[in-house]
Amino acid sequence: MNVRNVLKITGLSSLVLISLGIGLYALIMWEGSSAREDAPALEANVAQWLLHYTVPTDFRTMKNPLDVGSGSAEVEAGHTVYTQKCEICHAYDGGGKTEIGSGEYPRPPDLRSAAVQRMSDGELFYHLKNGIRHTGMPAWTLPDRKLWELSAYLRHLPRIAPLSPEMVAQQLPPTGGAHYVGSAACKDCHTEIYDRWQKTRMANVVRDPRVHPEAIIPDLSKPDPLLTFTKDDIALVYGSKWKQRYFKRVGDDYFVLPAQWDVTHKLWRPYFVKNGSDWWAPLYPPDNMQRPTGPLCDGCHSVNYDIDTMKVTEWNVGCERCHGPGSDHVEHPDKPNIVNPAKLNYVQASDTCIQCHSQGQPLSNPIKGKYYDWPVGFHMGKQLVDFWRLEDHKLGELSFTHFPDGTAHKNRMQGNDFVQSLMYTRGVTCFSCHDAHGTDNDAMLIKPVKEICSTCHGPNTQNGPHAPTLEAHTHHIAGSAGSECVACHMPKIEQTIADVNVRAHTFRFITPAESEAMKIPNACNLCHTDKTTAWATEALKGWGDRSPWRVAQSAPPQAERHEVNN
């Protein structure tokens, strides 16, 4: 090669380099240091290519060594890690539409997208372990097992709320041709979950004393004026935690006997629903033996209650109560032909529980001449709103079901509470906190009550509380009852029997002033029973980190009360 050619090539190379340099300089000056613009398509595609090929081959071929099946303990553990580490940028559903995520450059990817889901198990693990340079993705210093759990959960991210009926239909697997097979059919493939579920109250809410004589808690041989029946009259036993009721069989239906056992106080109490204490009471004769449990109870205490035959696939809250009819899945377990509530959007997911944990009425009532107190015709795979409406309430009025501010007044209204909460509107679901398959914690919480709220909340975090320490927020000693989040945000004010109450699920702090104005119990005076609401209000005024407007004034019984609360 002669000198002239060398000079020509050198000149051309220099020109290309200078042009690239000028182009790069112009791009940098044009874009500046701003993170507001989205990455150009070329940059995004090159980054995606590099993301794949910079992962060592040994990692790319790795398989997740854990149980990655939907609902497995490992996936649930990964959900916990995701909530703690990832949700702040990627959002609860992986979509990345958060305040932080929307302001990063490059944007956090939609973790449900094809590009991410195409990644192998090993690639996901590698990126979680080592992070991704020049992005907001950190390298997590977590044990490898936790990273595998997290990567397993990323395969099961929930979907966002649908925007149209067509999108709703797309999110639910087809179950029209499937039939019910019973929970035992799930045992072989989901042994660990099945074994946990069997020990829960969900699986044992209704029991046959002939099969389970130990189910009857009180000693029926001890006389009591209210005890007008014998063990031989009892066909089914209902409940075991707060109260226990007894069903007598007459023909093909069951009827509630007139005494119930108060488990807490260990005594008999009468059972009869009076007019004005439930919407259906005046529509049935004032006689327990003319009020069948089929229309009033059994649809929620069983799987696949048939209103024509009065037969069930199984008693209790079995697998198909929450997952829909399972015959197709049993026959083809490797296909997405069963409803998985964990993959539904937050509305449909919570409806899994709201179908029974709410007070309401079917949209059409009576049905075939009978009034029903459960969503007849609904099963998972359908839309609850097409079958069920929640109990109405007029703000400012005290009713049997609601306090004047709209908080539920009695048990089994967790759904009525929850749908009006800020938690619900932010995409939290019932099983963000509870595991219906069973845990060792009270109320089937996924963590002990002292720890559950800190899964998402912590001092000076985006989700609050906005205080340097938890004690600074609660103004109570660490470890005391008053320092528990649920003590103030979930007070026990909803009656289940006599003076035994369960926790509210609005997560709203009810001020002592509201107690004065609207006769709603508040958390302060539930603990400080020797003090007045005036004392509690003055105490709150002394908390410098609280708005004096928030704690000193009662929320008006109008829709704008939410402005006061927020």
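Residues numbered from 1 in each chain as written. Predicted model: local features only at pLDDT ≥ 70, side-chain atom pairs only at ≥ 80, totals over all residues. Heavy atoms only, no water.

A. Fine view of the nonpolar core. Core analysis: the biggest nonpolar cluster contains 19 residues, and Tyr82, Leu111, Leu124, Leu150, Tyr153, Leu154 and Leu157 have the highest contact counts within it. It is helix H8 (residues 144-153) that provides the largest number of residues to this core, a total of five residues. For tyrosine 82, the residues in contact, after removing those within four places along its chain, are Glu87, His90, Ala91, Tyr92, Asp93, Gly94, Leu111, Leu150, Tyr153, Leu154 and Leu157. (Core = buried A, V, L, I, M, F, W, Y, C linked by side-chain atoms within 4.5 Å. Buried < 20%, exposed > 50% of the residue type's maximum accessible area, 1.4 Å probe, protein only. Helix = DSSP H or I, 4+ residues; strand = E, 2+ residues; numbered from the N terminus. Contact = heavy atoms within 4.5 Å.)

B. Expanded view of unusual backbone geometry. Put simply, tyrosine 105 and proline 106 share a cis peptide bond, and its omega is -5°. In this fold, proline 106 is placed in the loop between helix H5 (87-90) and helix H6 (114-117). Of the consecutive residues glycine 464 and proline 465, the connecting peptide bond is found in the cis state with omega at 5°. Looking at the element boundaries, proline 465 is found in the loop between helix H17 (449-452) and helix H18 (470-474). With a phi angle near 55°, lysine 266 is a residue other than glycine that sits in the positive phi range. Within the fold, lysine 266 resides in the loop between strand E5 (259-262) and strand E6 (267-270). Using a relative accessible area of 61% as the deciding quantity, one classes lysine 266 as exposed. For lysine 519, which is not a glycine, the phi torsion comes out positive at approximately 60°. Locating lysine 519 in the fold gives a position in the loop between helix H20 (512-518) and helix H21 (523-527). The exposure class of lysine 519 is exposed, given its relative accessible area of 61%.

C. Quick look at the environment of tryptophan 197. With respect to the helices and strands, tryptophan 197 occurs in helix H10 (residues 191-198). A relative accessible area of 9% places tryptophan 197 in the buried class. Along the chain, tryptophan 197 and histidine 437 lie 240 residues apart, while their C-alpha atoms are 4.5 Å from each other. Those residues in contact with tryptophan 197 that lie beyond four places of it in its chain are Ser183, Met202, Ala203, Glu314, Val317, Gly318, Ala436 and His437.

D. Structural detail: helix H14 (residues 346-354). Counting buried positions along H14 yields seven of nine residues, so the element is predominantly enclosed. Inspection of H14 places Tyr346, Gln348, Ala349, Ser350, Asp351, Thr352 and Ile354 among the buried residues, and these make up the whole buried set. Between the side-chain oxygen of the N-cap and the backbone nitrogen of valine 347 there are 2.8 Å, and the N-cap of H14 in question is asparagine 345. (Polar contact = N/O pair within 3.5 Å; in protein donor to acceptor, adjacent residues only side chain to side chain.)

E. Region of the structure containing the packing of aromatic side chains. Considering all chains together, one arrives at 20 aromatic pairs under this definition. An angle of 85° between the planes, with centres 6.1 Å apart, marks the rings of phenylalanine 229 and tryptophan 268 as edge-to-face. Linking phenylalanine 229 in the loop between strand E1 (206-207) and strand E2 (236-238) with tryptophan 268 in strand E6, this pair joins segments that are 39 residues apart in sequence. Judged by its relative accessible area of 5%, phenylalanine 229 is buried. Measuring from centroid to centroid gives 5.7 Å for tyrosine 305 and tryptophan 374, while their planes differ by 85°, and the two rings are edge-to-face. On the criterion of sequence distance, the pair formed by tyrosine 305 in the loop between strand E7 (302-303) and strand E8 (314-315) and tryptophan 374 in the loop between strand E9 (360-362) and strand E10 (388-390) is long-range, its members being 69 residues apart. In this structure, tyrosine 305 and tryptophan 374 share a single accessibility class: buried. Three or more aromatic residues joined by ring pairs form one cluster here, namely Phe59, Phe125, Tyr126 and Trp148. (Phe/Tyr/Trp six-rings, centres within 6.5 Å; stacked < 30°, edge-to-face > 60°.)

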